[in-house]
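# Coordinate analysis (summary)
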Amino acid sequence: MRLDQFVSQAMGISRSHAQSLIRQGALTLHEQLLKNPSQHIKPHDPIKLEQTLLTLPQPLYLMLNKPAGVVSATTDPHQRTVLDLIQHPHKHTLHVVGRLDKDTTGLLLLSSDGDWSHRIASPRKQIGKTYLVTLAAACNDEALEQLRQGIQLHGEKHPTSPAQVILVSEQQLRLTIYEGMYHQVKRMLAAVGNQVITLHREQIGGLGLDNELAVGEWRVLSDEERDEF
Ligand code: URA
């Protein structure tokens, strides 16, 4: 990784602040001055700021009870992002794991561990994502059957994997899908002649949204929750 990236992550400072510390000659590796911010180093190299050894923070794993009206991104020039809801010294290392639409609520994971996120998002892993879906019209048996069989969505190479569908009430479903196609649930319901009014993610694999978390609140995952994936 680049030296300025390492220093910024290890110290929880911006990349430009890290670059200026490096240019001032504050960093050494084996007593040698490091002056080039774009130099590549190994994450375990014993890099020191004056006499202090710098180490990368442990990867972070968080769940957020996402409210409607914020975008699942880490930066946006015009809109509030999910990262604006998180207060953590290393929050700038986080990325979103499996985005939700701006109007979708519920379980959103954020992490700084790319391999972990990749495992969750990969369609090959067939990790179920469960949504409570409120519909504009009652869902008939034929529509339920189509969702359970899998649906060929416009512009996609493959049909959706057979979904698990539980009818909660006439106009409400609990739907588990196994991919993360763009607007997947909304498009699946549109394909069977219905329309999603509200969408709330309750679960990803074996990990459910903590019902102690108020809307907009977040917490760090326990080790067992992290090891779910
Ligand atoms: N499917 C959608 O259509 N939207 C989401 O936010 C998540 C799944």
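Residues numbered from 1 in each chain as written. Predicted model: local features only at pLDDT ≥ 70, side-chain atom pairs only at ≥ 80, totals over all residues. Heavy atoms only, no water.

Looking now at the domain arrangement of the chain. Segmenting the chain into domains produces domain 1 (3-53), domain 2 (58-125 + 207-229) and domain 3 (128-204). Placing the centre of domain 1 and that of domain 3 at their C-alpha centroids yields a distance of 49 Å. (Domains from an automatic or database assignment.)

Neighbouring the ligand are the residues Leu-100, Asp-101, Thr-104, Tyr-131, His-183, Gln-184, Val-185, Lys-186 and Leu-199. By residue number, the principal contributor to the shell around the ligand is helix H5 (residues 184-191), which donates 3 residues. In terms of residue class, the shell around the ligand is built from 4 nonpolar, 3 polar and 2 charged. Residue contributions to the shell around the ligand reach at least three from each of two domains, namely domain 2 (58-125 + 207-229) and domain 3 (128-204). (Near = heavy atom within 4 Å. Helix = DSSP H or I, 4+ residues; strand = E, 2+ residues; numbered from the N terminus. Nonpolar A, V, L, I, M, F, W, Y, C, P; charged D, E, K, R; others polar.)

Close contact between helix H1 (residues 3-11) and helix H2 (residues 15-23) brings their axes to 8 Å; oriented N to C, the two are set at 110 degrees. The orientation of H1 with respect to H2, classified from their angle, is roughly perpendicular. The handedness of the crossing between H1 and H2 is right-handed. Facing H1, whose interface residues are Leu-3, Asp-4, Gln-5, Val-7, Ser-8 and Met-11, H2 presents Arg-15, Ala-18, Gln-19, Leu-21 and Ile-22. Class assignment of the residues belonging to the contact of H1 with H2 gives a composition of 6 nonpolar, 3 polar and 2 charged. (Axes fitted to C-alpha atoms, helices over the stretch in contact; angles between N-to-C directions. Parallel < 35°, antiparallel > 145°, perpendicular 65-115°, else oblique. Left-handed = near helix turned anticlockwise from the far one by under 90°. Contact = heavy atoms within 4.5 Å.)

Let us look at the nonpolar core. The biggest cluster of nonpolar side chains holds 34 residues, and the ones touching the most others in it are Leu-110, Val-133, Leu-173, Val-185 and Leu-189. Broken down by secondary-structure element, the contributors of at least two residues to this core are strand E5 (61-66), strand E7 (105-111), strand E8 (129-135), helix H4 (141-149), strand E10 (172-177), H5 and strand E11 (196-204). Among the domains, domain 2 (58-125 + 207-229) and domain 3 (128-204) are the pair contributing at least three residues each to this core. Dropping the residues within four chain positions of it, Leu-189 is found in contact with Leu-135, Leu-147, Leu-173, Leu-175, Asn-194 and Val-196. Among the nonpolar cores identified, the runner-up in size contains 16 residues, and Val-7, Ile-22, Ile-47 and Leu-54 belong to it. (Core = buried A, V, L, I, M, F, W, Y, C linked by side-chain atoms within 4.5 Å. Buried < 20%, exposed > 50% of the residue type's maximum accessible area, 1.4 Å probe, protein only.)

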